[in-house]
Amino acid sequence: MRMKLPLIRTLAVAPARAPILRYGVALLSTVLALIPTLFLSDMAESRLVVFAVAVMVSAWYGGWKPGLAATSFALTVSAYYSLIGDHNGPEFRKAIAHMVLFFAVALLICWFNAALRATQESLRRSESNFRSLVTNAPYGICRCDSLGVLLDANPALAAMLGYSSAEDIEGMHLGSLYVDAQQWFQTADDFHAGKEFNNLSTELARLDGTTMLARISGRVIPNGRKGPTFQIFMEDITERRALEQQLRQAQKMEAIGRLAGGIAHDSISPRAGAGNCQRRPACHLFDPPIARFQP
């Protein structure tokens, strides 16, 4: 999760002055390459090699445009030394061939360094986006080795466990966070077997002594000779589980209330019907005659 780029690329340069600095490096490198050419005026091959190094430095730091500027300057100086003066036909053609070859090599150097620079910038942006994604994730994310030692963690996991920063939990053993040792043994078995596990409910200990209920998922990440590492994702489900229990309790109470209401209704309904019938005259039409004329 940490990016390590060359030091020269991490220099803080203002955006408005960056082109000036890039072309300044190209000019400086070609001027420094010009000094040895004063002593190698009779050796065209050595002079072109020195200029090729200057073009490589310019293209590596500034990109293909400063590299082309250094190439143009190098060609001008080489033409001055190679074409000015008395030269016969073979020497002139040889000088032209050297300059054409140098120009082709310089273009290849500019293209290669531009592609390398673009790849490095793309990798830097990708790593920056990945770091931002992990850092700002609402879920706890960590990476540990095969022994369960935490190597990296994001701030969300540190906040879930009650720590102020992710550095406070780096180097801790994952098993020390488990409240139930049996659950840790089950997770350790998955680690040793190299299996992926999902949605394991685990009770973890926080820094203040309280506990939290977490849902854990993990997968194996190959790491070459250093051995595999494990990427673990944690979600705090303590409040969700409490709300689910409250909902289940409310549903139970509602069911009990409905059952009690139904029983009360069934027990009250016959008496209410009998009382209403005694108050109605029509209910006595079918009474037995003896009961009708009783005093």
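Scoring rules and cut-offs
Residues numbered from 1 in each chain as written. Predicted model: local features only at pLDDT ≥ 70, side-chain atom pairs only at ≥ 80, totals over all residues. Heavy atoms only, no water. Helix = DSSP H or I, 4+ residues; strand = E, 2+ residues; numbered from the N terminus. Buried < 20%, exposed > 50% of the residue type's maximum accessible area, 1.4 Å probe, protein only. Contact = heavy atoms within 4.5 Å. Areas by Shrake-Rupley, 256 points an atom, 1.4 Å probe, with all protein chains shown as cover. Pairing = 2+ DSSP bridges. Axes fitted to C-alpha atoms, helices over the stretch in contact; angles between N-to-C directions. Expected span 1.5 Å × (residues − 1). Polar contact = N/O pair within 3.5 Å; in protein donor to acceptor, adjacent residues only side chain to side chain. Phe/Tyr/Trp six-rings, centres within 6.5 Å; stacked < 30°, edge-to-face > 60°. Patch = residues over 30% accessible without salt bridge, like charges linked within 9 Å, V, L, I, M, F, W, Y side chains within 5 Å. Salt bridge = Lys/Arg side-chain N within 4 Å of Asp/Glu carboxyl O.

Q: Describe the overall build of the protein, listing the residues and the values that go with them.
A: Looking only at helices and strands, the protein features 8 helices and 5 strands. Element order for the protein, N to C, with α for helix and β for strand: α-α-α-α-β-β-α-α-β-β-β-α-α. Across the 295 residues of the protein, 28% fall into the buried class. Of all intrachain contacts in the protein linking residues separated by at least 6 positions in sequence, the fraction that spans at least 24 positions is 51%. Here the protein has roughly 19,400 Å² of accessible surface; of this, 63% comes from carbon and sulfur atoms.

Q: So, the sheet that holds strand 4 (residues 211-221): which residues are in play, and what are the values?
A: Pairing is antiparallel across the open sheet formed by 5 strands, whose spatial order is 2-1-5-4-3. Looking at the sheet topology across the chains shown, the edges are occupied by strand 2 (150-153) and strand 3 (197-205). With strand direction ignored, the average angle separating the axes of adjacent strands in the sheet is 30°. Looking at chain direction, strand 4 and strand 5 (residues 229-236) are connected through 8 bridges and run antiparallel. Pairing of Val220 across the sheet is with Phe230, part of strand 5. Of the strands in this sheet, strand 1 (140-144), strand 3 and strand 5 are in contact with helix 6 (residues 181-193), which crosses strand 3 at around 140°.

Q: Describe helix 6, and please don't skip the residues or the numbers.
A: For helix 6, spanning 13 residues, the distance from its first C-alpha to its last is 18 Å, which sits close to the expected 18 Å at 1.5 Å a residue. Along its buried surface, helix 6 packs onto strand 1, strand 3 and strand 5. Among the residues of helix 6, the N-terminal cap falls to Asp180, whose side-chain oxygen and the backbone nitrogen of Gln182 are separated by 3.2 Å. With its phi angle positive at about 70°, Gly194 sits one or two positions after the end of helix 6.

Q: Lay out the side chain of Ser217 in plain terms, naming residues and giving numbers.
A: Mapped onto the secondary structure, Ser217 falls in strand 4. Separated by 3.1 Å, the side chain of Ser217 and the backbone nitrogen of Asn199 make a polar contact. Excluding anything up to four places from it in sequence, Ser217 contacts Phe197, Asn198, Asn199, Gln231, Ile232 and Phe233.

Q: Explain the pairing of strand 5 to me, using residue names and the numbers behind them.
A: Burial analysis of strand 5 places 6 of its 8 residues in the buried class, which makes it a mostly covered element. Relative to strand 5, strand 1 is paired through 5 bridges, and the arrangement is antiparallel. Its bridge partner being in strand 5, Arg143 is matched across the sheet by Gln231.

Q: Could you give an account of the pairing of strand 2, naming the residues involved and the relevant values?
A: Two strands pair when backbone bridges link them, and strand 1 and strand 2 are joined in this way by 3 bridges, in the antiparallel orientation. Among the inter-strand pairings, Cys142 is bridged to a residue of strand 2, identified as Ala153. Once strand 1 ends, the chain turns through 5 residues before running back antiparallel as strand 2, passing Gly148 with a positive phi of about 95°.

Q: How would you sum up the packing of aromatic side chains? Please name residues and give values.
A: Here the structure, examined in full by the defined rule, presents 1 aromatic pair. Judged by centre distance (5.5 Å) and plane angle (55°), the rings of Tyr178 and Trp184 are tilted. On the basis of relative accessibility, which here comes to 11%, the residue Trp184 falls in the buried class.

Q: Tell me about a nonpolar patch on the surface, and please be specific about residues and values.
A: Together, Leu108, Trp111, Phe112 and Leu116 make up a nonpolar patch on the protein surface, roughly 450 Å² of accessible area in all. Inspection of the secondary structure assignment puts Trp111 in helix 4 (residues 89-135). The class for Trp111 is exposed, based on a relative accessible area of 56%.

Q: Report on the side chain of Thr202, specifying residues and quantitative values.
A: Relative to the assigned elements, Thr202 resides in strand 3. Assessed through its relative accessible area of 3%, Thr202 is described here as buried. Dropping the residues within four chain positions of it, Thr202 is found in contact with Tyr178, Gln183, Met212, Leu213, Ala214 and Ile216.

The values are spatial; any link to function lies outside them.
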